[in-house]
Amino acid sequence: MVIVLGIESTAHTFGVGVVASDREPFILADERIKYTPPTGGIHPREAARYMAERAHEVVRRALRSSGITLSEVDAIAVALGPGLGPCLRVGATIARALAAYFSKPLVPVNHAVAHVEIGLKLTGARDPVIVYLSGGNTLIAAFLGGRYRVFGETLDIALGNLLDVFARETGLGPPYVVKGVHVVDACAEEGKEILDLPYVVRGQDVAFSGLLTAALKLVKRGARLPDVCLSLREMAYDAVIEVATRCLLHTNRREVMVVGGVAASKYLRRKFEEMAKLYGARLYVVPPEYAVDNGVMIAWTGALAYSAGVTVPIEDAVIRQRWRIDEVDIPWRRA
Ligand code: FE2
């Protein structure tokens, strides 16, 4: 059994998780704080300052609730990317300091891989088509030849970003999610008509920024907002479903797993359920609490990686803002 403390700080959440492998429950601690900008989008430096000022308290809370001391921890894991530079630096600095001071191995974790691994752990999916949807990421992948290979991804903005920016520009948000439902999803429920919007699938990939511009133009021209919301989400969600379906058929998988912050959308889930049923696949959706960013997923992935011998010298533990999921070897999973 290994005990790992994991630190997440790639975007707006600073999270510290402590896990014990080969034990149930495996989560010993799960502490998080989330930066919410007063207006507009997330400003990386403001988010980083918010984290830096409170990080010590979150680490302390995690250790206290886990009931263990740092000397009992086998390794420190940290998300080194992908993400926002200033935010990543906060987590990396704390992880390096803890590893150095307490002479603990440091385990580098890719944030996207962590979303996948916590999804597999919590849903019980074995070898699924992976659909990772969040504010910063949109990708469809499957495990092959020792890595999570990207089948399709966004060429510009992420699905979560599309919804948030549209909500912000039209005055629907922030907050973007009310009682677990995205404000665009909620507004779309009042929609009656599907309006003409550009198609967003590009080969195996998707591109959302043209759709965003076109939808905002419709609103400016006086189209009913609920109709635009309905049209926007149908176009965007169907594009993701289309790419995921193609991946399912090409890779001959029997499972689909949805992870990341947008996985919480009930409406999207319904669409995925229909798709899975149509193609005889099983659908797994990561529980909402662990669909969003958290330290537990970093600690859990750190435990898997550490058990497979993955560590990094402290001086080499640098952040990688554009660290792709398919650049990471996964030695703990058989190809
Ligand atoms: Fe994330």
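Residues numbered from 1 in each chain as written. Predicted model: local features only at pLDDT ≥ 70, side-chain atom pairs only at ≥ 80, totals over all residues. Heavy atoms only, no water.

Peer 1: Just give me the short version of the overall build of the chain, but keep the residues and values in it.
Peer 2: In terms of helices and strands, the chain carries 10 helices and 14 strands. Taken over the C-alpha trace, the chain has a radius of gyration of 20 Å; the compact-globule value for 335 residues is 20 Å, and the two agree within 12%. The principal-axis extent of the C-alpha atoms belonging to the chain is close to 60 × 45 × 30 Å. Burial status across the chain gives 56% buried among its 335 residues. If you take every contact in the chain between residues at least 6 apart in sequence, the share linking residues at least 24 apart comes to 75%. Accessible surface computed for the chain: about 14700 Å², of which carbon and sulfur atoms make up 52%. Of the charged side chains in the chain, 39 are positive and 36 negative; the average position of the first set lies 1 Å away from that of the second. (Helix = DSSP H or I, 4+ residues; strand = E, 2+ residues; numbered from the N terminus. Rg over C-alpha atoms; globule rule 2.2 N^0.38 Å. Buried < 20%, exposed > 50% of the residue type's maximum accessible area, 1.4 Å probe, protein only. Contact = heavy atoms within 4.5 Å. Areas by Shrake-Rupley, 256 points an atom, 1.4 Å probe, with all protein chains shown as cover. Lys, Arg positive; Asp, Glu negative; His and termini not counted. Charge placed at Lys NZ, Arg CZ, Asp CG, Glu CD.)

Peer 1: Which residues make up the sheet that holds strand β5 (residues 106-110), and what values do they have?
Peer 2: What the 5 strands build is an open sheet, ordered β3-β2-β1-β4-β5; its pairing is mixed. Looking along the sheet, the strands with just one partner apiece sit at the ends: β3 (27-34) and β5. Shown here is a sheet whose adjacent strand axes are inclined to one another by a mean of 20 degrees, direction ignored. In the sheet, strand β2 (residues 13-20) pairs with β3 via 7 bridges, with the strands oriented antiparallel. Following the sheet pairing, V16 is matched in β3 by E31. This element, helix α1 (residues 44-66), spans β1 (3-8), β2 and β3 of the sheet and lies at about 160 degrees to β3. The strands touched by helix α2 (residues 85-101) within the sheet are β1, β2, β4 (75-81) and β5, with β4 carrying the most contacts at an inclination of about 160 degrees. (Pairing = 2+ DSSP bridges. Axes fitted to C-alpha atoms, helices over the stretch in contact; angles between N-to-C directions.)

Peer 1: Account for α2, with residues named and values stated.
Peer 2: Compared with an ideal rise of 1.5 Å per residue, which puts 17 residues at 24 Å, α2 spans 24 Å between its outermost C-alpha atoms and is within 8% of the ideal. Taken residue by residue, α2 has G85, C87, L88, V90, G91, A92, A95, L98 and A99 as its buried positions. Lining the buried residues of α2 we find β1, β2, α1, β4 and β5. S103 sits one or two residues past α2 and shows a positive phi near 50 degrees. (Expected span 1.5 Å × (residues − 1).)

Peer 1: Please set out the packing of aromatic side chains residue by residue, giving values where relevant.
Peer 2: Summed over the entire model, instances satisfying the criterion amount to 5 aromatic pairs. With centroids separated by 5.1 Å and ring planes inclined at 80 degrees, the aromatic side chains of Y101 and F102 adopt a geometry described as edge-to-face. Ring geometry for Y237 and Y267: centres 6.2 Å apart, planes at 35 degrees, overall tilted. Residue Y237 is found in helix α7 (residues 225-251), and its partner Y267 is found in helix α8 (residues 266-278); the two are separated by 30 residues along the sequence. Overall, the relative accessible area of 1% leaves Y237 in the buried class. For R32, the ring lying beneath its charged end belongs to Y290, and the centroid distance is 5.2 Å. Lying over the aromatic face of F26, K121 brings its terminal NZ or CZ to 4.6 Å of the ring centre. (Phe/Tyr/Trp six-rings, centres within 6.5 Å; stacked < 30°, edge-to-face > 60°. Lys NZ or Arg CZ within 6 Å of the ring centre and 35° of its normal.)

Peer 1: How would you summarise the side chain of N110 if you had to cite specific residues and measurements?
Peer 2: Here N110 lies in strand β5. For N110, a relative accessible area of 2% gives the class buried. At 3.0 Å, the side chain of N110 forms a polar contact with the backbone nitrogen of V113. Every residue in contact with N110, bar those within four places of it in the chain, is listed here: G81, P82, W323, R324, I325 and V328. (Polar contact = N/O pair within 3.5 Å; in protein donor to acceptor, adjacent residues only side chain to side chain.)

Limitation: the analysis is restricted to geometry and does not speak to function.
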